Every structure is written in structure tokens, then in C-alpha cells.
Amino acid sequence: MGKKNRSKQSGKPGGAMLRHKKELVKMAADLFKLCVMSPSTQDEWEYYLKVHTAVENFSQKQKTVSDPPVMQPIDRTTAIPKFKAWLKEHGVEYSSIDIQEVSEEEGFGVIALQDIEIKCPLVTIPRRAMMTYEDAKSSYLAGLIEGNEVLSVMPNVCLALYLHCERFTPDSKYQPYIDMIPQEFNTILYFKPHEMKYLKGTAALSVAINQFKSIVRQFALLYQVFNGSHQKEDVEKLPLQARNAFTFDTYRWCASAVTTRQNKIPTHVGDVLGDLDENSTLALIPMWDMFNHAIGPLSTAYNALTRGIECLAMQDFKTGEQVKICYGARTNSDLLIHNGFVMKESPFDKVRIHLGVSQKDPLYSLKAKLLGRLNVEVSGQFAVCSMDNSLPTSPQLLVFLRVFHMNEEELGIWLEKQKSELSSLREIYISGEVKFKSDVKVWEFLENRVKLLLMGFKKIGDNIEEMMEDKSLSHRTKLALQFRIEEHRILSACVNFCRQIRNALENRRSGEFMQDSVVMYTNKDPSQLEEEEEEGSTTLESEGQDGATGLNVDINKIDINSNNSVEEISHDPDTWVYD
């Protein structure tokens, strides 16, 4: 009799739900532990498959147990009128442009309703129309953010969580805006293993896996917070439907929405214009985020007096033409992983390769000391750049390679020099006196290192162009293939460059090889080069285009594009990683 009663008691819906909830919390804890691991490069693919499978198992279990609410599909075309009315209500002003679906590949964009001249105003958006981290901190999330050591230091995660909650709040003031955000993205979070595999052998694979791991880890942590007792009172302040709907699918959606749309805007404009590092907040900017990307000058500024952004035309546009803006000097790795697209033959593209001085090197301490004086890492990622009217290596890479190949006598000589004398370490000489006897070895080393990377491309085959025409392959697969094409182009150009300059050095034929363009990079301090390398403004100006700062005629305006690093234009990958 007692056994029967216990059976009935254990079979009650409440008891079953409690058991399942505990099981899910434990699965989330295991998922978090899995995502704290840092696999080696050799093991990262198998590790990715393990994490991906664990997420799928969790999602299937959660769906079976609780059947969380799912957002019903929204026709973005029918949502446009309500969104435009909402923009007007919130003070957004535009007249020469409109929103419409532009293509299957690009989705929705902005179209010119009339001929638009360069520097003409396109749209002004006041701060009150934006969704910001400050809004999240002052909302029902306030206690949760303040009391959680992760949320308190990760504004982008807070903004993503706020977007999630508002998405599942029927009367949200942001609903017309949220309805215009795509319901699915092509960021790396949406890639399936059979699509991700085409990034094997590229420099982007490790970054992509790390991004996926970071978002899964955040989800696992937040799920435990939502279903634990530590911050129960703070969690209960969140909209009930948002709590019930918190799944990996909904979290990757809001994380992708933030990575593709976030930008930094000032919280306070002090005496020094453009200082956004300490006085800034993250924001989603409605209407401005409808513009698609193209190469061109940066053309958006923040007006401190009106407390809003002003976007001008970066070029002339004809009636009916799609109006685009430049997201900044971003590499295809950044664009694919965080934005979900790839630019063909982008002048901003570069491939990062890992190099380092072994601690077993007898001259390690001397090399580390000289590199330290130049603010160059002893071990790290160095850029091989696009060959579009530029050199294939960053100044930092050339400095590293020369120091790497120095003998003890050379290191002693350079360590005795004044910092102002170190500029020649970044200069390329192919005529006259050869200042660095090891330069032939330097370029041969880089050539061989890049050749090793190119060998990884052979695993996919030589028929990538044919695969791009295969209609049975998914769009994300083709994005990965296009990325391979672009990375292969850069690395191949680098090999050719290294071979040519090495031959020129060996033969002392000064007049045969790009004499005017490869003599030196710059006359500035090597320690300043990395910062300038990220700005990307030099390329635009050298092509005769106006820089974005030329559009800022108001002393009270801050150019939120040109004063940010490229990561701040849309997303800094490191800010999604919390260790």
C-alpha cells in the first residue's frame, strides 16, 4: 500500500517536472564545464563536434520536457509599415530612402527614392530610438546584472539578454523594431558541422570554434542562473514568457542580432573628442542597421548636441539603387564569423598566422627584450594582408621575422640603439646596401610558412569554383567556400611576393621590382603601427576618397566609425569570451 502511494506520488506532474528540471540544470552544468576546456589545434575539430552534439542533446531534452514557447514566423515585408510608423514616433528622420527586400542573398536593405549625392544626409536617429546597454541596466535586469560576476562585466551579453526578454514581451516598446530583425542569421552560430567543415585548413576555423564555444558557455551559465536559487528573486523580475522561452536557439538568435548590429556610442562627450573607450555604451540602432555593407569611406557621426547619430551618403547613388554604408576595415574572418557574409577581393582582408619565439631558443631573452622595445609580441598572431596596392605583411610581422632571424651579435647591436633608430627594422630594401644580411632567409621563411598553410586547402580539392555553382549546397556552405577562395588568394599572393622580393635581393636588381612601392612602410614608431593598421583609413584616402572625418564639420560631433577600432564597428570577438 505504501509502495503504491509512493508510486502515485512520484508520478505526479509536479514531481516529474522537478526531476526533469534538475536533469537539465545538471546537463547545463556539464555543458558549461565542456566549454571551459581549451583543446589543441589538432583536437579542435573533434572538440567542436562534441560541443555541437552536447548542445543538440540539451535542446532536444529541453523541448521534450518543457516545450518552450517558439516565436511565430513574421513576414518582414508586412512589418515594414508598422516599423516606419514607429521610427517616426521615435524621432527618426529620413526622406530620400526606403526599406525593401533587395535580394535573396542580402535580404532587406535600403533603396534610394531619388538621386543622392555624396555627403547628403541619409538618416538621423536620436538616442531615444536606440536599444542600449544603459537601457538594460535600468530595466528589470538591473539586479541580475549587478549580482552576476559575468553579466556585470559583459555589456554585449546583457544587451543580448535584454533583446531576448523584449522579444518575448508582447507589449514591448521595441516590438516593431524587433519584428524587422531577421529570424535567422548566417553567423557561425548557425553553421552545421557539414557546413563548418569547409573552414578546415583556414585561419578562421579556430576563431569560429572559439566563438561557438563562448556562446554555448554563456547559454549554459545563464540557464543555470535562470533555474537556480542563487539569484531567484532577480530572475523572477524577468518576463515569465522570456524565462520559459530561454533556449540555445533563442540565445544564439539574440547573440547574432547583437554581433551583427551593435555599435559603440558615447555616454558622455568630454573635452577630448572621439574617446569612446571609457565613455561609451553599446547600442542597437534601428534603421541604421538596415544598411548593407560596401567598401567606401566611413560616413556616420554622433552629434553630442542632438544626442543622436547622423549618417551621410558615402558616394553618389542613383534612383532605385541600393544605398550602402561601410562597416569599417574588417577582415573576411570577422565578417563571416560575426556578420555572416564574405566580401570578394576586399582591400581590408588579411590572414592571421601564428608565429612565436620558442622559449628553448638560446637567444630567447635577447629577442624578447628587443621585441618588447618595439611593442611586438614574442608569440602571437601576425597579419598577412591583401595584395591590393599594399604589402603582404604587416610592419609588425616584418619586425618579428627580422628579430627572429638575428644572431647574438646582431641582437646586441640593435639593443644598444635608440628607439628612434629602430625604424629601419620595418623597411624593405631591394636596392643599394642590404642592411639585413638575413633578409633572404626572412622572406624564404615566410614563403615556406605560408606554403604550409596553402597545403591545407588541398584537402577540399581544386574544384571550389565548380562547387560554388552547385545548387544543392547550402548558402552557408558557399559562404565557407568563398572564404576559402579569398584566403587562398591572399596567401598565394604572399608566396609570389616573397619569392619575387627574395630573388630581387639575391640578384640586386633594384629596377625590376616595385621599386617605388616597397622601399619602406612608414617613418613612424613601430609601436604605433598595430593601431594604425586597424584603422583602414589610409587605403581609402590613397584611392582619392574622402575620409569619414571630413564629414564632421560640427565640433560637437564624434565620428563613431573612424574613432572605433574595426571590432567596435560591429563587434569585438574578445568581448564575448569570459574566462
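Data block above holds the structure.
Given the structure is predicted, the values throughout are model-derived calculations rather than measurements.

A.B. asks: Describe the layout of surface pockets, and please don't skip the residues or the numbers.
C.D. replies: Rolled over the atoms, a probe with the dimensions of a water molecule shows which regions are left empty. Quantified by volume, the second largest pocket comes out at close to 1400 Å³. Contributing to the lining of the second largest pocket are 45 residues, with Glu105, Glu106, Gly107, Asn186 and Gly340 lying nearest its centre. Of all elements in the fold, only α4 (76-89), β1 (97-103), β2 (107-112), α13 (248-261), β7 (292-293), β10 (322-325), α20 (475-507) and α23 (566-570) reach the threshold of two or more residues within the lining of the second largest pocket. Take the lining of the second largest pocket: its biggest share by element is five residues, from α20. Its residues assigned to classes, the lining of the second largest pocket shows 15 nonpolar, 17 polar and 13 charged.

A.B. asks: How would you summarise the pattern of salt bridges if you had to cite specific residues and measurements?
C.D. replies: If you walk through the whole model with that rule in mind, you get 14 salt bridges. Put simply, lysine 61 and glutamate 23 hold a salt bridge, and the shortest N to O gap is 2.8 Å. You can see lysine 61 sitting in helix α3 (residues 44-66) and its partner glutamate 23 sitting in helix α2 (residues 13-36), a full 38 residues away along the chain. Among the residues examined, lysine 61 registers a relative accessible area of 24% and is labelled partly exposed. Overall, the relative accessible area of 35% leaves glutamate 23 in the partly exposed class. With a closest N to O distance of 3.4 Å, aspartate 289 and arginine 261 form a salt bridge. Note that aspartate 289 is positioned in the loop between β6 (280-284) and β7 and arginine 261 in helix α13, a separation of 28 residues in sequence. Bridged by salt links that share partners, the residues Glu447, Lys451, Arg499 and Arg502 form one connected network.

A.B. asks: Break down the environment of arginine 261 for me, with residues and values.
C.D. replies: Residue classification places arginine 261 among the buried residues on the basis of a relative accessible area of 11%. Separated by 21 residues in sequence, arginine 261 and leucine 282 place their C-alpha atoms 9.9 Å apart. Of note is the side chain of arginine 261, whose polar atom sits 3.1 Å from the side chain of threonine 260.

A.B. asks: An account of the packing of aromatic side chains is needed here, citing residue identities and associated values.
C.D. replies: If you walk through the whole model with that rule in mind, you get 22 aromatic pairs. Aromatic side chains phenylalanine 212 and phenylalanine 248 sit 6.2 Å apart centroid to centroid with 80 degrees between the ring planes, which places their arrangement in the edge-to-face category. One end of the pair, phenylalanine 212, is in helix α10 (residues 204-226); the other, phenylalanine 248, is in helix α13, with 36 residues separating them in the sequence. On the basis of relative accessible area, phenylalanine 212 is assigned to the buried category, the value being 3%. A centroid spacing of 6.1 Å and a plane angle of 45 degrees characterise the contact between phenylalanine 219 and tyrosine 223, whose relative ring orientation is tilted. Taken together, the residues span about one helical turn, with phenylalanine 219 and tyrosine 223 both in helix α10 at a distance of four residues. We classify tyrosine 223 as buried; its relative accessible area is 6%. Put simply, the rings of Trp45, Tyr48, Phe58, Phe212, Phe219, Tyr223, Phe226, Phe246, Phe248 and Tyr251 pair up and form one aromatic cluster. A cation over an aromatic ring shows up here: lysine 367 above the ring of phenylalanine 404, its NZ or CZ 5.3 Å from the ring centre.

A.B. asks: Describe in detail the sheet that holds β7, supporting the description with residues and values.
C.D. replies: Read from one edge of the open sheet, four strands run β1-β2-β10-β7, paired in mixed fashion. Two strands close off the open sheet at either side, each with one partner strand: β1 and β7. One ladder, built from two bridges, connects β2 with β10; its direction is antiparallel. Bridged to valine 110 within β10 is valine 323. Together, β1 and β2 form the strand contacts of α4, whose direction differs from that of β1 by roughly 165 degrees.

A.B. asks: Can you break down the pairing of β2 residue by residue, with the values?
C.D. replies: Most of β2 is tucked away: six of the six residues are buried. In this antiparallel pair of consecutive strands, β1 and β2, the connection spans three residues.

A.B. asks: Please give an account of the sheet that holds strand β5 (residues 263-266) that cites residues and values.
C.D. replies: What the three strands build is an open sheet, ordered β4-β6-β5; its pairing is antiparallel. Lying at the two open borders of the sheet, with one neighbouring strand each, are β4 (131-132) and β5.

A.B. asks: How would you explain the pairing of β10 if you had to name every residue and give the values?
C.D. replies: Neither face of β10 is open: one carries Gln322 and Lys324, the other Val323 and Ile325, and all of them are buried. Looking at chain direction, β7 and β10 are connected through two bridges and run parallel. The residue of β10 that forms the bridge with histidine 293 is isoleucine 325.

A.B. asks: Could you give me a rundown of helix α16 (residues 395-404), with the residues and numbers involved?
C.D. replies: Most of α16 is tucked away: nine of the ten residues are buried. Buried within α16 are the following residues: Pro395, Gln396, Leu397, Leu398, Val399, Phe400, Leu401, Arg402 and Val403.

A.B. asks: Please provide a residue-by-residue account of α4, values included.
C.D. replies: The end-to-end C-alpha separation of α4 is 19 Å, in line with the 20 Å expected for 14 residues at 1.5 Å each. Maximal helix bending in α4 amounts to about 30 degrees, located at lysine 82. Buried residues of α4: Arg76, Ala79, Ile80, Phe83, Trp86 and Leu87, and no others. The distance from a side-chain oxygen at the start of α4 to the backbone nitrogen of threonine 77 is 3.0 Å, and the residue carrying that oxygen is aspartate 75. A positive backbone phi angle near 85 degrees is found at glycine 91, which sits one or two residues after α4.

A.B. asks: Quick rundown of the nonpolar core? Include the residues and the values.
C.D. replies: Formed by 112 residues in total, the largest nonpolar core has its most connected members in Ile125, Leu163 and Met287. Residue contributions to this core peak at 13 residues, all from α10. Counting 40 residues, the second-largest nonpolar core is a separate cluster that includes Leu363, Met406, Leu446 and Phe457.

Rules used throughout
Residues numbered from 1 in each chain as written. Predicted model: local features only at pLDDT ≥ 70, side-chain atom pairs only at ≥ 80, totals over all residues. Heavy atoms only, no water. 1 Å grid on protein atoms, 1.4 Å probe; cavity = no way out; pocket = protein on both sides within 12 Å on 5 of 7 lines; lining within 4 Å. Points joined across faces, edges and corners; volume = space filled by probe spheres on them. Helix = DSSP H or I, 4+ residues; strand = E, 2+ residues; numbered from the N terminus. Nonpolar A, V, L, I, M, F, W, Y, C, P; charged D, E, K, R; others polar. Salt bridge = Lys/Arg side-chain N within 4 Å of Asp/Glu carboxyl O. Buried < 20%, exposed > 50% of the residue type's maximum accessible area, 1.4 Å probe, protein only. Polar contact = N/O pair within 3.5 Å; in protein donor to acceptor, adjacent residues only side chain to side chain. Phe/Tyr/Trp six-rings, centres within 6.5 Å; stacked < 30°, edge-to-face > 60°. Lys NZ or Arg CZ within 6 Å of the ring centre and 35° of its normal. Pairing = 2+ DSSP bridges. Contact = heavy atoms within 4.5 Å. Axes fitted to C-alpha atoms, helices over the stretch in contact; angles between N-to-C directions. Expected span 1.5 Å × (residues − 1). Bend = angle between axes of the 7 residues up to and from the residue. Core = buried A, V, L, I, M, F, W, Y, C linked by side-chain atoms within 4.5 Å.

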